[in-house]
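Residue strings, one per chain:
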Amino acid sequence: MYNAKAFSVSSTTSPFAAATISRRDPTPADVQIEILFCGVCHSDLHQARNEWSDVMPTAYPCVPGHEIVGRVTKVGSSVTKFKPGDLAAVGCMVDSDRTCPECKAGLEQFCPNFVLTYNFPDKHLGGVTYGGYSDSIVVDENFVLRVPANLSLAGAAPLLCAGITTYSPMRHWGVTKGKKVGVVGLGGLGHMAVKFAHALGAHVVVFTTSASKKDDALRLGADEVVLSKDANQMAKHTGSFHFILDAVAASHDINAYINLLARDGNITMVGAPETPLPINVFGLLMGRRSFSGSIIGSIAETQEMLDFCGKNNITSDVEVIPVQKINEAFDRLAKSDVKYRFSIDMASLKA
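Heads up: these notes are all about the structure in this document.

What counts, and at which threshold
- Residues numbered from 1 in each chain as written.
- Predicted model: local features only at pLDDT ≥ 70, side-chain atom pairs only at ≥ 80, totals over all residues.
- Heavy atoms only, no water.
- Phe/Tyr/Trp six-rings, centres within 6.5 Å; stacked < 30°, edge-to-face > 60°.
- Helix = DSSP H or I, 4+ residues; strand = E, 2+ residues; numbered from the N terminus.
- Buried < 20%, exposed > 50% of the residue type's maximum accessible area, 1.4 Å probe, protein only.
- Disulfide = S-S within 2.5 Å.
- Salt bridge = Lys/Arg side-chain N within 4 Å of Asp/Glu carboxyl O.
- Expected span 1.5 Å × (residues − 1).
- Pairing = 2+ DSSP bridges.
- Axes fitted to C-alpha atoms, helices over the stretch in contact; angles between N-to-C directions.
- Core = buried A, V, L, I, M, F, W, Y, C linked by side-chain atoms within 4.5 Å.
- Contact = heavy atoms within 4.5 Å.
- 1 Å grid on protein atoms, 1.4 Å probe; cavity = no way out; pocket = protein on both sides within 12 Å on 5 of 7 lines; lining within 4 Å.
- Points joined across faces, edges and corners; volume = space filled by probe spheres on them.
- Nonpolar A, V, L, I, M, F, W, Y, C, P; charged D, E, K, R; others polar.
- Parallel < 35°, antiparallel > 145°, perpendicular 65-115°, else oblique.
- Left-handed = near helix turned anticlockwise from the far one by under 90°.

### Considering the packing of aromatic side chains
The full count for this structure, using the stated rule, is eight aromatic pairs. Between Tyr167 and Phe196, the ring centres sit 5.3 Å apart and the planes meet at 70°, which makes this aromatic pair edge-to-face. Here Tyr167, found in helix 4 (residues 162-172), pairs with Phe196, found in helix 5 (residues 188-199); they are 29 residues apart in sequence, far enough to count as distant. For the pair Tyr167 and Phe196, one class covers both residues: buried. Centroid distance Tyr167 to Phe308: 5.6 Å. Interplanar angle 50°. Geometry classified as tilted. Of the two residues, Tyr167 is situated in helix 4 and Phe308 in helix 10 (residues 299-312); the sequence distance between them amounts to 141 residues. You'll find Tyr167 and Phe308 in the same group, each marked buried.

### Topic: the state of the cysteines
Overall, the coordinates contain zero disulfides when judged by the stated rule. Not engaged in a disulfide, the cysteine Cys41 finds its nearest cysteine sulfur in Cys161; these two sulfurs lie 3.9 Å apart.

### Notes on the pattern of salt bridges
Per the stated rule, a full pass over the model turns up 17 salt bridges. A salt bridge links Glu304 to Arg171; its shortest N-O distance comes to 2.8 Å. You can see Glu304 sitting in helix 10 and its partner Arg171 sitting in helix 4, a full 133 residues away along the chain. Put simply, Asp337 and Arg332 hold a salt bridge, and the shortest N to O gap is 3.1 Å. Residue class for Asp337 comes out partly exposed when judged on its relative accessible area of 40%. Linked through salt bridges whose partners overlap, the residues forming this network are Lys195, Asp216, Arg219, Asp317 and Lys339.

### Observations regarding helix 5
Residue pairs spaced three or four apart in an α-helix point in one direction, given the helix's 3.6 residues per turn. Between its first and last C-alpha atoms helix 5 spans 17 Å; for 12 residues at 1.5 Å apiece the expected length is 16 Å, and the two agree. Most of helix 5 sits inside the fold, with 10 of its 12 residues counted as buried. Three or more residues of helix 5 are buried, namely Gly188, Leu189, Gly190, His191, Met192, Ala193, Val194, Lys195, Phe196 and Ala197. Backbone geometry just after helix 5 places Gly201 at a positive phi near 95°.

### Here's the deal with the sheet that holds strand 15 (residues 290-293)
A sheet is described by the order of its strands in space; here six strands give the open sequence 12-11-10-13-14-15, paired in parallel fashion. Strands with a single pairing partner mark the edges of an open sheet, and in this sheet they are strand 12 (224-227) and strand 15. Averaged over all adjacent pairs, the angle separating strand axes in this sheet is 20°, with direction ignored. In the sheet, strand 10 (residues 180-184) pairs with strand 11 (residues 203-208) via five bridges, with the strands oriented parallel.

### Quick word on the nonpolar core
Val69, Tyr133, Met170, Phe196 and Ile326 are the most contacted members of the largest nonpolar core, which totals 96 residues. In terms of residue count, the dominant contributor to this core is strand 3 (residues 30-40) (seven residues). When sequence neighbours within four positions are dropped, the list of residues in contact with Val69 reads Glu34, Ile35, Leu36, Phe37, Ala88, Ala89, Val147, Leu153, Ala156, Ala157 and Leu160.

### Side note on the layout of surface pockets
Volume-wise, the second largest pocket comes out at about 340 Å³. Along its surface, the second largest pocket is lined by 25 residues, and Arg24, Asp122, His124, Thr129 and Val138 are the ones closest to its centre. Within the residue set of the lining of the second largest pocket, elements represented by two or more residues are strand 2 (17-23), strand 6 (93-95) and strand 8 (136-140). Here the element with the most residues in the lining of the second largest pocket is strand 8; it accounts for four residues. Along the lines of polarity and charge, the residues of the lining of the second largest pocket split into 11 nonpolar, six polar and eight charged.

### Quick word on the packing of helix 4 against helix 5
Two elements in contact, helix 4 and helix 5, have axes whose closest approach is 8 Å; the angle formed by their N-to-C orientations is 50°. Judged by the inter-axis angle, helix 4 sits oblique to helix 5. In this structure, helix 4 meets helix 5 at a crossing whose hand is right-handed. Across from Ala162, Gly163, Thr165, Thr166, Tyr167 and Met170 in helix 4, the residues of helix 5 making contact are Gly188, Leu189, Met192, Ala193, Phe196 and Ala197.

Structure below.
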């Protein structure tokens, strides 16, 4: 083992503070990475405050962070994909059982025994895994990703969660040129969805409750912006969408969007409202429409997404912060006061 610098939270109400954590020395299959930037995901806020206690209770101390980019410093003797000096990334998973049907199908994100990057049982050191609010991390090479050299590393970090969370369902449901795609909500997830749908060649319509977001939506790649509170604007799009991505995590009228789907159209949730959404089944029956959900993507699909971003020069819009401002960032995140993602410059840990 070796000691690493980190920022951790020790209870549901305590602030983040500097800490020292243990990392394993690299095994033959491991890659050790100096973390350069780590994105701040809304799930970090949920975990730090134990807001998912019924499903995924938080073990303290907790070191969040699963949007990690950095540079390889050491590799194990059997590692073939990376060498010291390479740019590398780590997303939401750091292991899986590799033997279940999901893993054999190349869909590790659905493995019943996957290991998340933080707050999951650590089979190497005991306790739980620690995430990217740290100066380094050690991960099996099969869960380490390559970062295109042309991308801004600060903006690339959120691709490891916000990016793949929106890219994966678009690929699954066949978003291509000639498709009409809706994006509900223009936040950390939604702004990435707009960029991807535009780059995939779709006609992109953003739905928002705030008229002030129109200019930004158009800048990001939207072709149209609809104020969802305006019934007349909504009605103009009835029955016309091939695919809608809903990134709203608050309660809202999902049926208003189901009615906008064309025959065989799909709406996929990537936002996670705390309370159930009432569904009018007749809205699905009429037109053979479907309603689904999606989490992240597989390791292979995440690499595909990163390569796509490199080819199309896509990164997240970020506000770069030092790690010492993480408490302030969490307060602002809870108020949706960021355009559109915080990215921590981990060099600040050396201060």
